[in-house]
Every structure is written in C-alpha cells, then in structure tokens.
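Below, each chain spelled out in residue letters.
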Amino acid sequence: VILLLNSLSMEDSRAQNEEEVEQADGKVADALSEAAKASDPYSRVDNLRKVRDLILRDSALLDNFLDEMVAFKSDKSPEVRKFLAEFIEDATKVDLNLLTTFLPLVALFLGDNSSCVVKRAILCHAQLYKITLKWIAGMRGHVEEQTRIIWNTVVTMKDQIFRLLESTNQGVRSHVIKFMEHIALALSHKTPESEPCRSTDIDISLDSISEKHSYLRYSDLKLEGSKIIQVFLTLITSPQVTCSNLQVAINCLVSIARQRPVYMAPVIQSFESVHVNLPPTLAKSQVASVRKNLKLQLSAIVKHPAIPPYISQITTLLADLGATSSEINKMIPRNIRDAAAKLRKEREEQQLIKPTTKKARLEEEASSSVQLEQNKRTAAIDVTTDHLIPRLKRPETVANIVLLSMLNLPDYLPAHFQSTYTPIDSAGTQAQIEHLARLMATQMTAVGVGPGVEMIAKEESKQAEAKKAAAVEAEAKAASLSSVSTKIHHVNPAAGKDDSDFRALTKSDKTVTDTKQTLFTPETLAANLQMRDPSKRSVKPFNFREAAGPPMSSESLDMYAKSCLKRIMFAEKKIAQCGASKDRINILTNLAVNHEEAFEHDLENFISDDLKSRYDLMMAWLFRLYSKIQHTQPGTPANKNAIRQYEKLLLNLLRKVLETPEYKEVFLSRVFIEAPLLTNQVFSTLSRYCTLDDSVHLCIATLSDVITKRPSHMQTAVNYLLLLTTLDQHKARTEALKFIIQLYTSASDDSFKEMIEDFATKKMESVMESMPPDDIVNKQGKPYNNWTDEAIKQCLFLYLGLLPLNHSLLHRLVNNYSQCSADVKRTLLRIMEAPVRSMGQESEAIHKVVEACPEGCETLLIRILHVLTEKEPPSEHLVSTVRTMYKDSEKSAEDGGNPPDVRFLIPILGGLEKQEILDALPKLIRLSPELVKEVLKRLLGSGMQEQMQPPNISANDVLVGLHQLEGVDLKPAMAAVNMCMAEDTIFNQSVIAVALSNMLELPTLPTLIMRTVLQSLSRHPRLRNFVLSTVLQRLIVRQVWKLPKLWEGFIRCVQKTQPESFHILLQLPTDQVTSIFEAAADLKAGLVKHWNSLPAYQKSQVLPSLQQLLNDNAAEPQTPQPTPAPPPRSSSSRRERGSGSRSSHSRPPPVDEHALVSHVKPAKQPEVKDDPDAPFTDTDRNRIIEQECSNLFSEMVFDLANEIASQMHHAYNIQNKQAEFALDDLVTDILNDECFSVGVEAMTEMEIEESRRRSAAESSPPPPDLPDIDEPLAKKTKEDDA
C-alpha cells in the first residue's frame, strides 16, 4: 500500500510539473510573440524581460528558447540589443556551457554602432571574464582544448576593450575604466582587511588560483594586475584626462583600495598628486566637482581598517580640500584614530632604538617588476621627504623658496589656480610641513631630481655592477672549465688590451692635470717672467701727436659712438649683475638728450622692443627731457626744442602703448600718471583713441585717473572728458557719461559739480540756436550744417544724464522747451524717457513743475507724466498734484483764462475716483483716436503690468458711461464704443450683458443702446438668448415705441433675431405690430407663419385685436382646431421636467440658435391692453413681476460668474482668459437651459403669491385659526419650488 501511494504521489507531482512546464512554455511563447509584434522598442524589452525571468528559472526552458532570444541580436533598436547583453550575463551565471554561444555575440556588440550597446557589452564581458577565470581556476589536471580556446577568446576580447580607452566617446572610456577595476580586483590578492565584493559581482581573486596551475600562469596574471593599477595611477595624473573620466577613475581606485588594501599607499599618494595637479582643461565648475568627489571618497575610505598608517596624509588632504577640523574628526572613527596614534608611537620608539633607512625597501624581493618600480618610486619619495622636512622648518629657507618662485609667477592670477586654491587652515604645523614636503618630493621625483632619485640611481648602479661582476665571474668559471680553449683565448686578450688602454689613458689624463696645476702657480709665474730694473730702461720723450694718432672722421666718430651706445644698451643684464643699472640709465638718457639726432632713434627702438622690462629707462628719459625744459628760459629756441623733443617722445610712447594690446592695459594709465608733463597734444591723441571700440573704456578710465590723481591737469582732463559726451559714437559717449556721473557723485567740491553743470547747460541751451555749435561734429569729424536727431542727442546727452542726480535741472529744461524748434521738441520727447523714469514719481522737482505748468510746456509735462506711470501705477502724491493743477486750470478758465488740458488726466486715470473719470469722459473721447485708445487702455487695464492695480472703474461702468454722453456729438461716443467692443478679451459677453442690464435700468434709455445691442449680437452670438429674454422684454415694458431712434433699432434687432423674436412681437400692442409690418415687410410673412404654427391655447393668450390682424394677414386662413386646455403646471410637473432633463444629460446640450423658439419666456403670455397708455392691471403687474424675476435670475447668474472669475484671479494672481471664456460659456448654457425657465417660473409664482398675501392681509381681517389638511402638502410644494 505504501509503495502504491508513493508511486501515485510521484505520478501526481510529475503530472503537476509537466503542467507547470507547459504553462511556462505557453507564457514564454506568448511573450516572445508579443515582443516580435511590438513596434515600440520599450514594449519589446518589457516582453523580453518576462521571457528572461521565466527561462532562467528552468534550464530546460533556457535550452528550448535560447535560439529565439539570440535571434534578437540583429534588432534595429539599441535598447533591445542592450538588453540582450544583459541577458547574456545573467544566463552565463546560470549555465557556463553557454559561453561558446555568447562570446561571439559579445564580440559583435563591442563593435556596435550604438554607444549604449557597447557600454553594456563592456560590463557584460567583465563578468564573463571573472566567470571564466573562476571556472578554469577550479580545474585540476589537464585543461581541454575547448577550454583553452574559450580562455584565449576571453583574453583577446579583454585586450580589445582595453584599446577602447582611446575612444572619442567619454561614456565608453568611463566604462572601460570600470572594466579595468573588475580585472584589477580579479588579478590581485585579498588581505584580512579587504571588504567583501558587491553581491552582484563574482568573487574571484589570485587567492583562488594555484601558483602551480596546469594552464593559468600565476605570475603573468599578477603582473597584469599590477600593470592595470599602474595605468590607473598614470591616468588620473594625466593632464588630458576629462572630468567624467577622472571622477570615474577616482571612484574605481577607492573601490580597489577598499577591497585590496595592498594598494592603499599608491592610491593615497596618487590622490595627493591629483589634488595639486588637476588637469588645466577643466572648467571652474568641473574643478569644484572633482574636489567635492575627492573629498567624498576620502571621507568614505577613512573608515577602512587598513587606513591608520595613512591617517595623517588623509587628514591633511581633507583640510586642503576645505574640510574643517570638526568635520574631519566626525569622519574618522575613534578606533581608527587610536590605531593611528598607536602606530605613530611605535614608529617613534623604533626610530629612537635604531634609525631606519629607506634603502631597506629596495632590498625586499618584489613580486613583479611593476611592483619593484612602484616600491622604488615610493622609497625615493620617502627619502626626499625626509630630506625636505628639516629644511622647511627653517624660515630663511622657506623665504628663499618663495622669493625664487616669484620670478616665475605670471603677471595675473591664473583662473585655474584661483578656482582650485583653498586657504590652508593648519599652516606651519608639523602635519602641514610633512604634507608639503611630501607633495614637493612627489613632484621632484616625477621630474627625476632629489636625493631619493640619486639614492635609487646609486643602488641601481651598484646592483648593475654586482650583476655584471657576477656575470663575469660566472663567465670566467665557465671558460676555465670549458674544453674549447681557443675560443676563450680569443676573448680574454681583447679584454686585457682594453684594460691596459684604459689605464694608460687614465695615467695620461692625470699627467696633463698635474701639468696644468703646476703651470699657473705664483712661483712658476715669477720664474718665467724676466723682471728688469726700471732704472736700466731708456727714457724717450712723450709725443702727443704720436700718442693721439691721426684725427678721426665724423663718420668714424658716429660709428664708434653708436657702437658704444649699443654695447651699453645690450649689456643690461651684465650691468644689472654688477649693480650699475642706475649709472647705465644716466649714461643712456644723457646721450639721447644731448645727442638727439644720433642716439634718439636707436634708443627708442631699443625700448620699444621690450617696453615691459625697459619702462623705467623710458621714464628716466622723459624726466631728463623735462629737467632740460625746466632749466631753459621759456620761449627760447632751446626751450621750444626741448618741449618738441619731449612731446615727440611721449607721443611715440603713447602710440606704442595704445597699439599694443599687451601693453595697453598695463602702461596706459601709468604713462599718464607718471609722466612729468602732459600737453594738449597728448590729451588730443588719447581722445582720438577713445573713438575706437576696443580702447574706449581704457582711455576714458585713464582720463578719470588723471582727474583724481593729478590735480594740476584736472581741468584739462575734465574738459576732454566732457567733450567725449558730445561725440557721435554711442559707446564712447555712454562710457564718458558713466565716468562723469561717478566723478559728479563722488566730488566733495561744489565748484567741480558746477563746472560739469555749466558745460551741460551750455550744450543744452545751444539747441535753441538756429545752427549746431562747431564743436558738435559727426562721425567724419565735420560740423553739422543743420539740426539733426543725432546732433540734438549729442547736445542733450550729458544734461539728461545729470537729471537723475540733480532734479533741479528739470526747471531750466522745461523753461527752455517752449523756445525750441519742433524738431528739437520731438527728439527731446523721445530721448527723455530713461532719465525721467530714474527720477521717479516722488521727485519734488517734477511736482513743482507740474504745479507751475509753464505755458507752452504742456506736451513735455504730459510726456513726463506718461513715462512715470507707464510701468507703475500713479502715486497718491502725483494724483493729488495733477488734480490740483487741473482744478486750478478750470477756475482760471472760468475767469477767462485758457481752458484746462484734459490730456493731463490720462496718466493718472488709474488713481482717479469713478465719478471723476465719468465727469472727464466727455472731454477725453473728443481727443485724437490715438489718445482715446490710450484712455481706454488705462481705464480698462489692458496691457498693465502684473504688479499694477486695476483702475477704480469697471469695464461695464465705462461702457455705460460712454452711452450716457448725450450732450456731446455722438460720433466720438460711437468711436469709443467701437474701440471698446473690439476688445473681446475685456468686453466679453458677460460684461456686455451686465452693461446692457444697467443701461436698461437708467431713467432715460441711452440713444446708442440699440446700436450696441446689434454690435453685441454680431460679435457675441451667444448673447442672442439674453437679448431676446431680457433686453427686448425690458424695452417693451419701457414702451420703446415712443422713442423713434430706439424703436428703429428695436425693429432691426427683431429682424436679426427672427424667428426666435416672433414671440416678442406677439407681446406688442396691435398698432406697434402694424407699424413693424409697414417698416419691415419680411417680418410679416414670418410672423404669420409662426402664428399659424401655434396651438390654439397659446393663440388665446394674444390680444384679440392682434389675433384679428394676424388672421387677416394670413395667406391661407386656418380654422383653429379644438385643443384641450393644457393641464395646470404645478410645481411637481416642473420638478419632473427638470429632473428628466438633468437625468438625461449631465450638461444641457448646446442650443440651436436658429431653431430656438422660446427657452426663457414661459408659455403663458400676459394679457396686454389695446391702449398702450392705459393703466396697468393685475395681469400687467404679474407680467412685470415675471419679467423682473427673469432679469434678477439673469443678474444672479452673471454675478456668480464674475465672482468666480474674481476669486480665481486673486487666488492665482493671473488673468486666465481661457477660464473666463469657459465661465462665459457656462453662463450662456445656463441661460439657454430649460432650468432657467423653471427658475424664473418658480420665482414669479412665489412673488405673485407673496403680493396677493400682502394685498389680502391689508384688505381683510386675518382668517380664523382652522386646521388645514393640505398644509403639509403645500409646505412641501413650496420647498420644492424654492
């Protein structure tokens, strides 16, 4: 039984497994099918991910569907190929046998055109390399040929990836650096302090590989790992490395140091080199990013258990990177600090017992040649560091280093250094001195200098000699034991001959040296010289002619003199070494001054060749000439010649400086400040260069320096600077004005300010003359023949520039305005915007001028007011000033003076009260069309800045006010209304509807109301229903037929709104309908047709006389069919109709305006008397109540919409026109909807009932308190109606 049960359970589980496999097969097949059909690459990738998740769970599914997955290798989308590389990595971890299938695919992806595919393939191969290495390392014994082929392929692809380090794509290079990190970790040893690898990586190192492996060469793998580390260290110190590659390399090195602490020392050392030698190609932001990343990585590595030996280096490096002491203490754990202190103490004790030498490092056996080179370099740095530390503690040594380094400093602080420099907080401490010594030792070792390098060289030479001696000894031993003696004899004599020759040559050299040493001793010199007694010599008479020789020609004298001058000139370095530079300068300047023709040209050329180092010689020459000028009598030929020579030299120097860009910024200001004398010709030359765009700023700044630093030349410099403000070149004029304003604001002397103001006033008043002044010239340097815009600007530029600084200048400008020509006035109005805006609305000078309002200056003052209020609302002070001035003008006009200029009110309309605006409106609309547009713009707030407050009058008030202008000509009012109606965004259908409603409430109907109604229908067709339900109804109540102009407009409106307006005509008296038939024949046929279509109970509501008129005019008289009376429309029936309407549609469907008959007016029509003048009855009162309810309901809807728009504007501080349009549409839909009629009926019945109750209560006593059975039902009905 047990066996039977076990077999049954096994069969069940097998069947269940088969069923699950079949289901998985179906899911995989479906996902592959969807991936093949999907057009979007991201959809294909999502489906392929589903396939991967399914087939990696079961090796059978992986075998079955592997070919289908591999088929996507040629997909056009890079995202799909990138995913396939990811799948290869995951599948290889599941089944190693797939390497033979996947390696060609990875090689294919490495050459893909898409960089993202190449980058994913690089990371994929990093895992494949480690998987293959771990697989082969676990093999024991013989390795099969197939396995060897796989390993060779993996290694070949690895070398191919290494070559991608030269790629032009930064992303590819970054991924190659990450690939190198994986290989370096795989080909290096772990230590007890090593951190574990990431969970997604393959854990493999040299510890897993046997040194006696049958196939893998342990030493070669270790050597390759060391070479990769060396490539890393070289890469991060390369000046051509990019920012992204440098940061990736730093991150990889930190990861290697944390997982392989044996490389901790070179990594820390390389970070020190990177910190002080960042690539010069990095931008300022990139430098900050690299330094931030380096600081972040150091703060992470400082917690590693292997870090204590390097804690002092990292601490100093973090401090250089900007970390504070508290931040560093927080970064370093306590156990690390304790371990570092213990290690430091042990080193000190060891040095006291037995001083260590860094040479011992070279005696250690290195595991490879690369490691040996690294050990040598580290030992050399250590030796040089120990050599530098005691010397850096001596102040004189440090001072000498700084002084020597200053000779190589550039003239300006480099931007690269400025962006990377960090102030040193721990300057002068032992740790900082050691860190600085190590940085210097690193750089010295890199260039091959220092005691460490010398020690390494000596050790290498000793090792080479030892190896050579050992080789010679071995060779000799082999020669003695060899039987081939002839070959040995052939070799040894030659060696002996060479040795003998060398010894002889050495001996000969020594003999020569000894001879030289004995030849020049004092004793030998005395022996060789024959000393004779002077008394034994014969005396010969001195002959002056023979001693002097023959006389020299003038040409020879000039030649020798120039040769002497050149020797003195070009011996500047040798003379400077002797300390005779001042004597040399005195000699050269004296020769140039006293022998002008012979030496001046040569000396000037000599100085011009290197003005930077010979500037002192040039200034000494100028001072020598100035001294000559001072020591000669003024007006004499010698004095004039000295002045001419001085001016010529100074002008040549000035031209050289101005025409050489590298000299201009350095020497221009110095020449003008240090030259002993500045002539008018020098200032003229400088002013001419001010017209050049590349020199204007520097030249004008030089003039400003002369004004502030040389009081004796201040007057001349100021005059030239003021003249520059009248140039035709805009840039030079602007720069000059900027410096004039700086001098004006900083001047403490009032006379200096008065000098500038007098010049500006003189130029300003010149515009009143008939011709421009002679000193106002055009770009060609010629005076103007007549006044042009540019000439006017040149005269007014300085005066207008001073206005914001001295507001009192405005009075003189305004007083002179009336005397200017029309061209000058037009130009002044155009260019005064900036200075007036800078003065501001609170300027007392502006208020005084406006209050005075000189005759003939109205246009200027209005322009000033417009500029002040163009971008900000008028202040209360400004509004009060203009209002006062305007009222005073009105009083003056009443006394016979000039009428007030209403244009003054336009800039301050936003600050006036509503009634003030309405009072001024008749005068404002009589202005020119441009001004009327400006008036409406300010009234309506169109184009206002966001921070400006809206005016005190609304748009509908403006429209109503324009219609009330009955006392003026209608043409200006019509034009203003047309301008308003053109502003659709402001005068939308809601605003127009409210305005029309307000106009209908006026005691006297405006003349233009019907014209506006017709315009509204044309511009806003959705107002059609409002016009029918409200406007025309109220006009009938107001008996519009008594106003002929309005009655004509009423007829046109009825014509325009037919056939919907036919029910309006049925409410008119018969006489008025008859007059309409006579005025508009087209309405007659339509109304008759509409009359024929009405049911009998509706016809009975019309006046009998009108019924007779319509029946008589019918083309085919119809006998009305007996129609049962309609049932009473109770509140319950209305509720059913309203609920049915709302249940079928969440929002009422749009109204067909052409087919609309009556949506607003209820079916029951009030009875109208034949006599229009007859008093109203109860029926008429009920009809009026019904119409008023309709109007009230409409106003409620519009008010609600306006309130929503206002709240939305205040909540979001915007004017959302789209939202306002949506609200307008909603309002129109409400007015067109059937619920509008229901609401109006409910309100009407309630008002009529309330009116009846009030009448009954007034005329009869109160009813007895009897129980009413229908009271609950009536109460419920009333609530429903409400």
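Attention here is on the structure that accompanies the text. A quick note: this is a predicted structure, and the numbers were derived from the prediction, not measured.

Moving on to the overall build of the chain. Across its full length, the chain holds 61 helices and 0 strands. Of all 1282 residues assigned to the chain, the portion counted as buried reaches 42%. Long-range pairs, those at least 24 residues apart, make up 71% of the contacts in the chain between residues at least 6 apart in sequence. Total accessible area on the chain stands at roughly 70,800 Å², and carbon and sulfur atoms take up 54% of it.

Moving on to the packing of aromatic side chains. Under the counting rule described, the total for this entry stands at 10 aromatic pairs. Relative to Trp-1047, the ring of Trp-1041 lies with its centre 6.4 Å away and its plane at 90 degrees, an arrangement referred to as edge-to-face. This pair shows no difference in class: Trp-1041 is buried, exactly as Trp-1047 is. Of the aromatic side chains, those joined through ring pairs into one cluster are Tyr-615, Tyr-663 and Phe-667. Sitting above the plane of the Tyr-744 ring, Lys-753 keeps its charged end 5.5 Å from the centroid. Just above the ring of Tyr-817 sits the side chain of Lys-825; from NZ or CZ to the centre is 5.2 Å.

Together, Glu-842, Glu-844, Glu-851, Glu-872 and Asp-888 line one region of the surface with negative charge. Assignment of secondary structure puts Glu-851 in helix H41 (residues 844-852).

What follows covers the pattern of salt bridges. On inspection of all chains with the given rule, the structure shows 33 salt bridges. Arg-258 is the salt-bridge partner of Glu-195, the closest N and O atoms lying 3.2 Å from each other. You can see Glu-195 sitting in the loop between helix H8 (170-186) and helix H9 (218-236) and its partner Arg-258 sitting in helix H10 (residues 243-259), a full 63 residues away along the chain. Overall, Glu-195 belongs to the partly exposed group, its relative accessible area being 26%. Linked through salt bridges whose partners overlap, the residues forming this network are Arg-52, Asp-53, Glu-86 and Asp-90.

What follows concerns the environment of Thr-726. Along the chain, the position of Thr-726 falls in the loop between helix H34 (714-724) and helix H35 (730-746). The exposure class assigned to Thr-726 is buried, which follows from its relative accessible area of 5%. In sequence terms Thr-726 and Ile-776 are 50 residues apart; their C-alpha atoms lie 6.5 Å from each other. Residue contacts for Thr-726: discarding those within four places in its chain leaves Phe-759, Lys-763, Asp-775, Ile-776 and Gln-794.

Further remarks concern the side chain of Thr-725. Note that Thr-725 resides in the loop between H34 and H35. For Thr-725, the contacting residues outside a window of four places in its chain are Arg-733, Ala-736, Leu-737, Ile-740, Phe-759, Gln-794, Phe-797 and Leu-798.

Turning next to the packing of helix H46 (residues 955-963) against helix H47 (residues 970-982). Between H46 and H47, the shortest axis-to-axis distance is 9 Å and the interhelical angle comes to 160 degrees. When the interaxial angle is binned, H46 and H47 end up roughly antiparallel. Seen along the crossing, H46 lies across H47 with a hand that is left-handed. Residues Leu-959, Leu-962 and His-963 of H46 form the contact with H47, whose own contacting residues are Ala-973, Ala-976, Val-977 and Cys-980. Partitioning the contact of H46 with H47 into residue classes produces 6 nonpolar, 1 polar and no charged.

What counts, and at which threshold
- Residues numbered from 1 in each chain as written.
- Predicted model: local features only at pLDDT ≥ 70, side-chain atom pairs only at ≥ 80, totals over all residues.
- Heavy atoms only, no water.
- Helix = DSSP H or I, 4+ residues; strand = E, 2+ residues; numbered from the N terminus.
- Buried < 20%, exposed > 50% of the residue type's maximum accessible area, 1.4 Å probe, protein only.
- Contact = heavy atoms within 4.5 Å.
- Areas by Shrake-Rupley, 256 points an atom, 1.4 Å probe, with all protein chains shown as cover.
- Phe/Tyr/Trp six-rings, centres within 6.5 Å; stacked < 30°, edge-to-face > 60°.
- Lys NZ or Arg CZ within 6 Å of the ring centre and 35° of its normal.
- Patch = residues over 30% accessible without salt bridge, like charges linked within 9 Å, V, L, I, M, F, W, Y side chains within 5 Å.
- Salt bridge = Lys/Arg side-chain N within 4 Å of Asp/Glu carboxyl O.
- Lys, Arg positive; Asp, Glu negative; His and termini not counted.
- Charge placed at Lys NZ, Arg CZ, Asp CG, Glu CD.
- Axes fitted to C-alpha atoms, helices over the stretch in contact; angles between N-to-C directions.
- Parallel < 35°, antiparallel > 145°, perpendicular 65-115°, else oblique.
- Left-handed = near helix turned anticlockwise from the far one by under 90°.
- Nonpolar A, V, L, I, M, F, W, Y, C, P; charged D, E, K, R; others polar.

Everything listed here is a matter of geometry and, on its own, says nothing about what the molecule does.
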